[in-house]
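For reference, the chains in residue letters:
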Amino acid sequence: MMTDEAESKLQEIVRATLELPADADVTGVRQPGVESWDSLAHVSLMLAIEGEFAVAIDIADQIQLTSYPAIRRYLEERGV
Amino acid sequence: MNFLEARRLVSGFQGGPPLSFLFALSGTAEPFVLYLQAAAARRGRAADVRFLPFNTLAQALRADADPTVTEVFLLLPWDFAPEADWRSGVPEAVDHEALRSRAAETATLFARRPQARLLYLPAPLPPLFPDPARGAAFARSLESLAVGLGARLLPADAFALGGYLASGCPVGGTWIGKVAEAVVEAASGAPPEPKKVLVTDLDNVLWSGLIAEEGPEGIACEPSGPGYRHFIYQGLLRRLRREGTVLAAVSRNDPDVVLAPFRPAGGRMLLREEDFVAIIAGYHAKSAQIRELAERLNLGLDSFVFVDDNPVEVAEVSLALPDVRCVAFPQHDDGLAAFLDEVASLFPHREITAEDRERTALYRRRLEGFVANDLQGADLTRFLQDLKMTLTIHDRARGDRARAVQLINKTNQFNLNGRRLTDEQVRATLDAGGRLFGATLADRTGDHGEILACLVAPDGTIESLVMSCRVFQRRVEYAFLAWLVAQPNPPTGFRWASTARNAPFQQFLSQVAGPLNGAGVVRLEPATVAARHASDVALFALHQP
């Protein structure tokens, strides 16, 4: 189960890398629905998650992590 | 520096002189932007970075350098040997001599750009040769070429194959901040003057453990178990001292306590007392001790490096003495190699003279009689606010009180009276109407666990108040007391006694209750404490489950 602190960090990262407003609810965001979620933003998002949660994300996973729920689930499976 | 920290640095940056440079690498450079801006902001500079288009480094290298542009190259093995680029897969066959020749030719092109600042990331190579040993030798030869050009070597772990294949960015998220720091440092100008003095913390830096709490036998600095990292760090310090670096130590402790491990009878440390020009122990601001040390040594503060594991201490010295280079001792083994590399790179010595070897003895004579002073340090309010501290206060009169009782019985420094209490004694106090509180602390540096315990007798006297010294300087004790006196039936006094180790508590008590006159019950004025320390309470998000 992800801690509140980790979840809060993850949401802050998603908002910042996708340039969403500070009060945006990001818990349901998905790549096709967010214009700013382009390939460069995705790279920044993956790097930020790796750095913040000390994980190394494989290329196959990077391609799959295109929604907040998927990222959250991925991190939970890695004990974050 | 991770993403959120970089964001905070950039958003809080007030502006400064521009730091303009071309950042050249053969992969994708754009993900570095935020981290480069943050690293420059940390130096008071506004990064103005230009990149090469993707995969154009080889062409750019063949053009003449613009003498007005600062160039920083982050080089990878395949910048010398394109066949070794992972993104091209594994070649069916390679001509070893042709590879070597092309690498040498590329090195010649770099040699024509003497003003370029080079960083080399020795990423692993794909299997190029039938004989693996030849591949390893080739990788080493590329590294030698880069070093021969004056490149600074980065840790190979910084390379992330997954990210490189996915996006072309060769550095992973756990390293990108550190690599950006190295890039900005390279862009910032000529290599800085070597530092002269390394001031190190002791607990959990020179050794593992808290000596005042666990005693000399409880600390570890041997090449095994928890002491291994500290053994390696001591090894580096010993080498630096031999090369002429002046070592000093500052610690929040009593002088006699911290000296014990250095004495030959202890025999467990690589470093001896005489390896240091001063070992300063006390409970006042570390910045004040360092400033005084600099004056006594007649050395500029910009020649000092300070190493500490506690982010609050690092912040205090950084704020009070911005010229001092502060380096955080890593919390985990993963950070050790980069930390040692950073420290070693601050003290480069191309040759060692007899004077270098005698420097410590010379400065020790200059510092005879040096004692810790009691000057104030930096105002940490803003830093503490930024820590986003959460203090959760638990009523331990009900339920599990094991950690609270443990704290009462193992804490030496921040301890009201040094009294040890069994669980039965605590229960008897509670059965008679007493109260027991515990407090846990978390902040953006992590979860510190249960760090405070307070037992209040039925008559309102605080019988026990202890706090882990790991969280000194965060104003937890003041905030807790201000909270406590605002509760129904506030406490009326402290059962105070001086011990050989509780000087930090004495300092606290003097501030909340005025001058102390011997042992006994020290009266507490709740209204005064609440008013005086309301600002400390405001530093925390307070919770009561």
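Please refer to the structure placed before this passage.
What counts, and where the lines are drawn
Counting from 1, residues in each chain are numbered in the order their sequence is written. Each chain is given a letter, starting from A, and each ligand a number, starting from 1, according to the order in which they appear as written. Only residues with pLDDT of at least 70 are given local features in this predicted model, and only at 80 or more are side-chain atom pairs given and counted; all residues enter the totals for whole chains, interfaces and linings. Only hydrogens and water are set aside when side-chain values are computed; all heavy atoms of the structure are taken into account. Runs of H or I in DSSP of at least four residues are treated as helices and runs of E of at least two as strands, each being numbered from the N terminus. Each residue's exposure class comes from its accessible area (1.4 Å probe, protein chains only) as a fraction of the maximum for that residue type: buried when under 20%, exposed when over 50%, partly exposed otherwise. With residues, only the protein chains shown are counted as cover, and all accessible areas are computed by Shrake-Rupley using a 1.4 Å probe. Pairing between strands requires that DSSP locate at least two bridges from one strand to the other. Note on handedness: a crossover is taken as right-handed if, strands pointing away from the viewer, the path from the first strand over the helix to the second is clockwise. In this analysis, a patch consists of residues with relative accessible area above 30% that form no salt bridge, clustered at 9 Å for like charges and at 5 Å for the nonpolar side chains Val, Leu, Ile, Met, Phe, Trp and Tyr. Counted as salt bridges are all cases of a side-chain nitrogen of Lys or Arg within 4 Å of a carboxyl oxygen of Asp or Glu. Contact definition: two residues touch when any of their heavy atoms are within 4.5 Å. Angles shown run from 0 to 180 degrees and are taken between the N-to-C directions of axes, each axis being a line fitted to C-alpha atoms and, for helices, limited to the stretch in contact. Any angle that is under 35 degrees is reported as roughly parallel, and any over 145 degrees as roughly antiparallel; angles of 65 to 115 degrees are reported as roughly perpendicular and all others as oblique. Definitions for this section: a left-handed crossing has its near helix turned counterclockwise from the far helix by less than a right angle. A right-handed crossing has that turn clockwise. Three classes are used, and their members are as follows: Ala, Val, Leu, Ile, Met, Phe, Trp, Tyr, Cys and Pro are nonpolar, Asp, Glu, Lys and Arg are charged, and the others, Gly among them, are polar. By convention, the term buried area covers the 1.4 Å-probe accessible surface removed from two parts as they join, with the contributions of both added. Take the buried Ala, Val, Leu, Ile, Met, Phe, Trp, Tyr and Cys residues and link them wherever side-chain atoms come within 4.5 Å; each set so joined is a nonpolar core.

Thoughts on the overall build of chain A
Within chain A one finds 4 helices and 0 strands. Traced from its N-terminal end to its C-terminal end, chain A shows the element sequence α-α-α-α. Across the 80 residues that make up chain A, the buried fraction comes to 50%. A total of about 4100 Å² of accessible surface is found on chain A, and carbon and sulfur atoms cover 49% of it.

Quick notes on the pairing of strand 4 (residues 117-120) of chain B
All names here are of chain B. Taken together, the 4 bridges between strand 3 (residues 71-75) and strand 4 define a ladder with parallel strand orientation. Across the sheet, leucine 74 pairs through a bridge with leucine 119, a residue of strand 4. In terms of strand pairing, strand 4 meets strand 5 (residues 152-153) through 2 bridges, oriented parallel. If you follow leucine 119 over to strand 5, its bridge partner there is arginine 152.

Examining the pairing of strand 16 (residues 493-496) of chain B
Regular strands have side chains that alternate between both faces of the sheet. Residues and elements named next belong to chain B. Bridge count between strand 15 (residues 461-467) and strand 16: 2 bridges; the pairing is parallel. Across the sheet, isoleucine 462 pairs through a bridge with phenylalanine 494, a residue of strand 16. Traced from strand 15 through helix 19 (residues 476-485) to strand 16, the parallel crossover comes out right-handed. As judged from the 4 bridges shared by strand 16 and strand 17 (residues 520-523), these two strands associate in the antiparallel manner. Paired with arginine 495 across the bridge in strand 17 is valine 521.

Brief notes about unusual backbone geometry
Residue and element names in this part refer to chain B. Although it is not a glycine, lysine 388 adopts a positive phi angle of roughly 55 degrees. Considering the arrangement of structural elements, one finds lysine 388 in the loop between helix 16 (381-386) and strand 11 (389-395). Residue classification places lysine 388 among the exposed residues on the basis of a relative accessible area of 58%.

A closer look at a nonpolar patch on the surface
On the surface, a nonpolar cluster with roughly 310 Å² of combined accessible area is contributed by Ile59 and Ile63 of chain A together with Leu161 and Leu165 of chain B. Of all the secondary-structure elements, those providing two or more residues to the nonpolar patch are helix 3 (59-64) of chain A together with helix 7 (161-167) of chain B. Considering the arrangement of structural elements, one finds isoleucine 63 of chain A in helix 3. For isoleucine 63 of chain A, a relative accessible area of 58% puts it in the exposed group.

Considering the sheet that holds strand 4 of chain B
Residues and elements named next belong to chain B. Strands sit in the order 2-1-3-4-5 across an open sheet of 5 strands; the sheet is parallel. The open sheet has two free edges, formed respectively by strand 2 (46-51) and strand 5, since each of these has just one partner strand. The strands touched by helix 8 (residues 176-187) are strand 1 (18-24), strand 3, strand 4 and strand 5; relative to strand 1, the strand with the most contacts, the crossing angle is about 115 degrees.

Brief notes about the pattern of salt bridges
Residue and element names in this part refer to chain B. By the definition in use, this model includes 31 salt bridges over all chains. Here arginine 501 and aspartate 256 are joined by a salt bridge, their closest N and O atoms 3.8 Å apart. With arginine 501 in the loop between strand 16 and helix 20 (503-513) and aspartate 256 in helix 11 (residues 255-259), this pair connects stretches of sequence that are 245 residues apart. A network of salt bridges, in which partner residues are shared, links Glu5, Arg42, Arg43, Arg152, Glu181, Glu185, Arg325, Asp341 and Glu342.

Focus: the packing of helix 19 of chain B against helix 20 of chain B
Each pair of packed helices can be described by the angle between their axes along with the distance between the axes. All names here are of chain B. Interhelical geometry of helix 19 versus helix 20 gives an angle of 40 degrees and a closest axis separation of 11 Å. The orientation of helix 19 relative to helix 20 falls into the category oblique. Seen from above, helix 19 lies across helix 20 with right-handed handedness. Along its contact with helix 19, which presents Glu477, Tyr478 and Leu481, the element helix 20 presents Phe508, Gln511 and Val512. In terms of residue class, the contact of helix 19 with helix 20 is built from 4 nonpolar, 1 polar and 1 charged.

Some words on the environment of methionine 467 of chain B
All names here are of chain B. Inspection of the secondary structure assignment puts methionine 467 in strand 15. Judged by its relative accessible area of 0%, methionine 467 falls in the buried class. Distance in space between the C-alpha atoms of methionine 467 and asparagine 412 is 9.0 Å, their sequence separation being 55 residues. When residues no more than four places from it in sequence are discounted, the contact partners of methionine 467 are Thr411, Phe414, Ile451, Leu452, Phe472, Val476 and Glu477.

Digging into the sheet that holds strand 10 (residues 325-328) of chain B
All names here are of chain B. Pairing is parallel across the open sheet formed by 5 strands, whose spatial order is 8-7-6-9-10. Among the strands making up the open sheet, the edge pair consists of strand 8 (276-282) and strand 10. With direction set aside, neighbouring strand axes in the sheet form an average angle of 20 degrees. In the sheet, strand 6 (residues 197-200) pairs with strand 9 (residues 304-308) via 4 bridges, with the strands oriented parallel. Bridging across to strand 9, leucine 198 finds its partner in valine 305. Along the sheet face, helix 14 (residues 336-345) touches strand 6, strand 9 and strand 10 and points at about 160 degrees away from the line of strand 10. Where helix 15 (residues 354-366) meets the sheet, its contacts fall on strand 7 (246-252) and strand 8, and the angle it forms with strand 8 comes to roughly 50 degrees.

Topic: the interface of chain B and chain A
Accessible area lost upon the coming together of the parts serves often as the stated size of an interface. On the side of chain A, 18 residues touch chain B, which itself brings 21 residues to the contact. Where chain B abuts chain A, roughly 1500 Å² becomes buried across the two surfaces, and 69% of that area is made up of carbon and sulfur atoms. On the chain B side of the interface with chain A, the three residues burying the most area are Phe3, Leu4 and Gly173 of chain B, jointly 34% of the side's total. Summed over the shared surface of chain B and chain A, the number is 0 salt bridges.

Quick word on helix 14 of chain B
Every buried residue of helix 14 of chain B is listed here: Leu336, Ala338, Phe339, Leu340 and Val343 of chain B. Its buried side turned inward, helix 14 of chain B meets helix 8, strand 6, helix 10 (228-242), strand 9 and strand 10 of chain B.

Topic: the environment of threonine 422 of chain B
Tracing the chain through its elements places threonine 422 of chain B in the loop between strand 12 (414-415) and helix 18 (423-431). A sequence separation of 13 residues divides threonine 422 of chain B from asparagine 409 of chain B, and the C-alpha atoms of the two residues are 8.2 Å apart.

Here's the deal with the nonpolar core
Ile49 and Leu75 of chain A together with Phe23, Phe32 and Leu74 of chain B are the most contacted members of the largest nonpolar core, which totals 94 residues. Contact partners of phenylalanine 23 of chain B, with chain neighbours within four places excluded, come to Ala29, Phe32, Leu36, Val49, Arg50, Phe51, Leu52, Val72, Leu74 and Val183 of chain B. In this structure, Phe414, Ile462, Phe472 and Phe494 of chain B belong to the second largest nonpolar core, which totals 44 residues.

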